[in-house]
Amino acid sequence: MTDDLRDQVHAAARRARVAADELVLATRERKDAALQEMAAALRQRAPEIIEANQKDLEAGRAAGLPENILDRLTLTEARIEGVAKGLETVAGQNDPVGEVIQGGILPNGLELKQVRVPMGVVGMVYEGRPNVTVDAAGLALKSGNAALLRGSSTAEHSNTTLVAVLRDALESVNLPADCVQLLPCHDRASVTHLITARGLVDLVIPRGGAGLINAVVEQATVPTIETGVGNCHVYVDSHADLDMAEAIVLNAKTRRTSVCNAAESLLVHKDVAAEFVPRITKALQQESVTIHGDEQFAQQPHVEKATDDDWGTEYLSLDIAAKVVDSLDDAVKHIATYGSGHSEAIVTNDVAAARRFTARVDAAAVFVNASTAFTDGAEFGMGAEIGISTQKLHARGPMGLTELTSSKWVVWGEGHTRPKA
């Protein structure tokens, strides 16, 4: 069975290579037409997609999946409309393929240009978030890449239907359906075969929980972009507008708990703690948030005493860890110890404090007086996103079209030869 599965994955990768070789020659007009057709098809076939999604939700509930996972899994007409609009936004963006990054003419007359080129075949490994299926397919297409999608079994019906819709749309505009392929999802070995298909697959991007990401990063022989988990903090400084701070904390924590940009930790400067701690405790509890607090927070009613594990936990639920710190520097040290390098925020009216925080905090996105909920490809103007990278090589933060390209040097001469050494 393992050999058969490996053959299936490798065969899909070879088909993807053929599709990518054709796609690299496609004009922006053809790619944009495909994206528009994909968006239209999603809207037209939304009832079919939702019906398939209901099967996954019913199976998930029967299996006892927690509510935050079910929320990620759910597709509604509004969410389908959101991913369709994401495709249209991508269609409206500049095509990165062929963009000249730098260049010039050398003294010897050689003309150099460094230009953006597609990666080729991009593999996505992700958990029960069917919207990723559409986002990944659309971004890969616009950037000239063929996508191999390996979603989770919890979203099998949703992903199967979505990919069928996308492939039909591609064929309708005479692009290869194999630009988008869905890999088998019931055996974890399919992930292993994908991430070790060096020479067949050019890049793998894992997107999901810490276990999935670590497994892919540690086992992959194919180059990998790490999309990390989100233990995000909001730090309320001594010079914060407390009305603003309350609004930002509530939005960052409660807007949608199941996403990686949700705030999981709250840090409050000691100079505003006497006023802000009881205030934010009450406000969070009114939103059904369980607070895991340090000694000062734990003096408030119905606050649980935090354990050492709470400071590093990505809850993905209506829970938050909360602590009073002595200074901005202590907040930065706490974030450095427990943060995941995803998104961090400071609320302050002190420009010097904001600058110190943004300079010292090591994260893919750092916010001043704004919610961490904005760490999102769509919010950053990318339309869809392939994921949020927490690594420091090649891509960091929300990844859009540019992050799915590499580059090559194109050198023009007129019979130039180099003298022997």
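The structure presented is a predicted model; accordingly, all values stated were derived computationally and were not measured. Residue positions are counted from 1 within each chain, in the order its sequence is given. Local features in this predicted model are restricted to residues of pLDDT 70 or higher, and side-chain atom pairs are both shown and tallied only at a pLDDT of 80 or more, whereas totals for entire chains, interfaces and linings draw on every residue. Heavy atoms from the whole structure form the basis of all side-chain values; hydrogens and water molecules are not counted.

**Concerning the pattern of salt bridges**
To be explicit about the condition: A pairing counts as a salt bridge when a side-chain nitrogen of Lys or Arg comes within 4 Å of a carboxyl oxygen of Asp or Glu. Only DSSP runs of H or I covering at least 4 residues are called helices, and only runs of E covering at least 2 are called strands; the numbering of each starts at the N terminus. Three exposure classes are used, based on accessible area relative to the maximum for each residue type with a 1.4 Å probe and protein chains only: buried under 20%, partly exposed in between, and exposed over 50%.
Under the definition given, this model contains 22 salt bridges. A salt bridge links K253 to E264; the shortest N-O distance between them is 2.8 Å. Here K253 is found in helix 10 (residues 242-254), whereas its partner E264 is found in strand 8 (residues 263-269), with 11 residues between them in sequence. Each member of the pair, K253 as well as E264, carries the same accessibility label: buried. Taken together, the salt bridges that share partners define one network made up of R15, R167 and D178.

**Considerations on helix 7 (residues 156-172)**
What counts, and what does not: A helix is expected to span 1.5 Å multiplied by its residue count minus one. Working rule for contacts: check all heavy atoms of both residues, and any pair within 4.5 Å makes them a contact.
With 17 residues, helix 7 extends 24 Å between its outermost C-alpha atoms, agreeing within 8% with the 24 Å of an ideal straight helix rising 1.5 Å per residue. S158, N159, T161, L162, V163, V165, L166, A169 and L170 are the residues of helix 7 that are buried. Close packing links the buried residues of helix 7 with helix 2 (28-44), helix 3 (46-62), strand 3 (121-126), helix 6 (130-142), strand 4 (146-150) and strand 5 (180-182).

**Things to note about the packing of aromatic side chains**
To keep it simple, the criterion reads: Pairing of aromatic side chains here covers Phe, Tyr and the six-membered ring of Trp, requires ring centres within 6.5 Å, and sorts the geometry by plane angle: under 30 degrees stacked, over 60 edge-to-face, intermediate tilted. By the criterion adopted, a ring carries a charge over it if an Arg CZ or a Lys NZ lies within 6 Å of its centre and within 35 degrees of its normal.
If you walk through the whole model with that rule in mind, you get 1 aromatic pair. Where Y235 meets F357, the ring centres are 6.0 Å apart and the plane angle is 15°; that geometry is what we call stacked. Linking Y235 in strand 7 (residues 232-236) with F357 in helix 14 (residues 351-360), this pair joins segments that are 122 residues apart in sequence. We classify F357 as buried; its relative accessible area is 0%. Just above the ring of W311 sits the side chain of K323; from NZ or CZ to the centre is 5.7 Å.

**Details of the UniProt feature "domain: Aldehyde dehydrogenase" (unreviewed entry) in the protein**
Quick note on the threshold: UniProt positions are given in the numbering used here, feature names are shortened, and annotations may be inferred rather than shown by experiment.
In the numbering used here, UniProt assigns the feature "domain: Aldehyde dehydrogenase" (unreviewed entry) to residues 6-307. Each end of residues 6-307 is marked by a C-alpha atom, and these two atoms are 44 Å apart; helix forms 51% of the span and strand 17%.

**Quick notes on the nonpolar core**
Taken as a class, soluble globular proteins show a tendency for nonpolar side chains to be buried jointly. Stated formally: Side-chain atoms within 4.5 Å are what join buried Ala, Val, Leu, Ile, Met, Phe, Trp, Tyr and Cys residues into a set we call a nonpolar core.
Judged by nonpolar contacts, the single largest core of 50 residues is most densely connected at M38, L42 and I205. The element contributing the most residues to this core is helix 6, with 7 residues. For I205, the residues in contact, after removing those within four places along its chain, are V122, G123, M124, V125, I225, T227, I386, M399 and L404. In this structure, L250, V289, I291 and V347 belong to the second largest nonpolar core, which totals 30 residues.

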